Amino acid sequence: MDRPTEDSTATDPGWVDEILLTGRSTDVCLRLPEPVDRGTLRRLVGEAQARLAAAGLLPGGAAALRLPPSLAYVVNLLATWRTGAQAVLLDHRLTDHEVDRALERLTPQVVVAPVRTGGGALRIFVDVTEGVTSHSDAPATSGHAVIQLSSGSTGPSKVIGRTATDLVAEVRRYTRIDGVALPGERIILLPSMVHVLGLVGGLLYGLHAGVELVPPERLGGDAILAAVAAQDTPATVLGVPFHIGLLASTRPDGPLPQFKRMTTGGELVPAATAQAFADRFGVPLGNMYGMTEVGVIGTDLYGRHRPSIAPAPGIEVRESGGELWVSCPASPYVGLSDPSRWADGWLHTRDAGTVDPATGLVTVKGRLDSQVSIGGMKVDLTEVEATLTGLPGVAAAVVVYDDGITAYVQPEGPLSEEVLDKLLAERLAGYKRPRTLHLVDQLPRTTTGKLVRSVTALRAAAP
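Residues numbered from 1 in each chain as written. Predicted model: local features only at pLDDT ≥ 70, side-chain atom pairs only at ≥ 80, totals over all residues. Heavy atoms only, no water.

Caption draft 1: Inspection of the pattern of salt bridges at higher detail. For the structure on display, the rule yields 14 salt bridges. The shortest N-O distance in the salt bridge between D17 and R82 comes to 3.0 Å. Of this pair, D17 sits in helix α1 (residues 15-21) while R82 is found in helix α3 (residues 71-83), placing the two residues 65 residues apart along the sequence. By relative accessible area, which is 23% here, R82 ends up partly exposed. Here D127 makes a salt bridge to R116, at a shortest N to O gap of 3.5 Å. One end of the pair, D127, is in strand β6 (residues 127-134); the other, R116, is in strand β5 (residues 110-118), with 11 residues separating them in the sequence. With relative accessibility at 45%, the residue D127 sits in the partly exposed group. Assessed through its relative accessible area of 42%, R116 is described here as partly exposed. (Salt bridge = Lys/Arg side-chain N within 4 Å of Asp/Glu carboxyl O. Helix = DSSP H or I, 4+ residues; strand = E, 2+ residues; numbered from the N terminus. Buried < 20%, exposed > 50% of the residue type's maximum accessible area, 1.4 Å probe, protein only.)

Written as structure tokens, this is what we have:
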């Protein structure tokens, strides 16, 4: 692996104070549900810095954070960066085996993990008392400010690094996107801050822009709406398609004038789901496309171009052979990686899509490997999947090629394979229809809420 470079956060950890922690001490930045103001946050970060240093964290080193979403996570993340060290973000839902493999590869100087957790499994933010343990005396394996593991929706996780320069540039990019929450407003934060949407689009942007971050007390439609209604200031709900489903099935008790919009990232939102949300709440459902490697790539926060998006400020997107490429100055991968994923300043997304030469709008059509040949005819599995998710009684679906087109369907109420097959026969040509249909109680998802497309995992979920 590469050793620390000139771009290491150790060279200038002052970006944390300048970009994230500046502002009036009395301004509330987090509501958990008790308010946390900037003065309190700065004090807690300073105290955490002292604990990390006592355990052996040095500038140019790394701290692995194995914490659930919590004030402890926020404080230790900022304290690590303020030390001039690298933060290795380990989702708290990873198994001990997965964590051990990551620690062996990334050799952090300290590991921060809970010694006590309270509040219940369905809480979005939990009450955590953390402990810090020494792990190694090695410097960070790269000069990145943050190390993240990809969500692994199609295979093993990749190790992805982003520098402080990358993070600051993305935070500033958010300030130039029309439709994001504005200073003095609120973000109802649903995605995990271990992953890029919740981390940069939620936590870092919110701290920088003076937007109050409000994680609902619990993961449920009623709790999300209660968080929207709790204050008078405008609120943007930030989540993934799974969260749209929660809200679309929840009826508000009364008017919600504070509800400004919902913005989702991750996988494509089925048209039926988007329509159900719009019918229920009458506010824009914005779409955001991004990747762990580069952060936000494009947006459509007013829902004007659905399913297309406009490239984010400073981001270039091109189409090459049906694949979307995104501008990326340096390879984001740490250690061994597929050399075909990045070359000459371009990240090869492995997503199929088009770029309109007249408007520059980008249409994402799903994974590039979703194109298969059936009897000499090309079939786009995302089309089959979209048709399935648009059917009555279907909550979610994944379509893969496994010795033929195979569909895994999560029903919403009573549903049979015979009824599904009949409905599909009315909507898809014979060569496009799944050869095999599996009804499953719960489709597997990644820690970010994306549907898993691994054939092995899907087979295991089927009866």
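Having seen the structure, we can now continue with the description.
Caption draft 2: Spatial organisation of α3. Between its terminal C-alpha atoms α3 stretches 18 Å, which fits the 18 Å expected from 13 residues at 1.5 Å a residue. With respect to burial, α3 is a largely interior element, 11 of its 13 residues being buried. All buried positions along α3 are accounted for by A72, Y73, V74, V75, N76, L77, L78, A79, T80, W81 and T83. Looking one or two residues beyond α3, the residue adopting positive phi is G84, at roughly 90°. (Expected span 1.5 Å × (residues − 1).)

Caption draft 3: Focus on the sheet that holds strand β25 (residues 436-439). Strand order in this open sheet of three strands is β23-β24-β25, and the pairing throughout is mixed. Strand pairing shows two members of the sheet lacking a second neighbour, β23 (394-401) and β25, which therefore form its edges. Strand-to-strand twist across the sheet, computed as the mean angle between neighbouring axes with direction ignored, equals 20°. In this structure, strand β24 (residues 405-411) lies alongside β25, joined through four bridges in parallel fashion. Within β25, the residue paired with A407 across the bridge is L437. Of the strands in this sheet, β23 and β24 touch helix α10 (residues 381-389), which is tilted by about 160° from β23. On the sheet, helix α11 (residues 417-425) packs against β23, β24 and β25 and is oriented at approximately 130° with respect to β25. (Pairing = 2+ DSSP bridges. Axes fitted to C-alpha atoms, helices over the stretch in contact; angles between N-to-C directions. Contact = heavy atoms within 4.5 Å.)

Caption draft 4: Region of interest: the nonpolar core. Of all hydrophobic cores here, the largest spans 103 residues; its most connected members are L41, Y73, L78, W81 and F259. Ignoring any residue separated from it by four or fewer positions in sequence, one finds L41 in contact with L21, C29, V36, V74, V75, L78 and L207. One finds V372, L391, A407 and V409 within the second-largest nonpolar core, a separate group that totals 19 residues. (Core = buried A, V, L, I, M, F, W, Y, C linked by side-chain atoms within 4.5 Å.)

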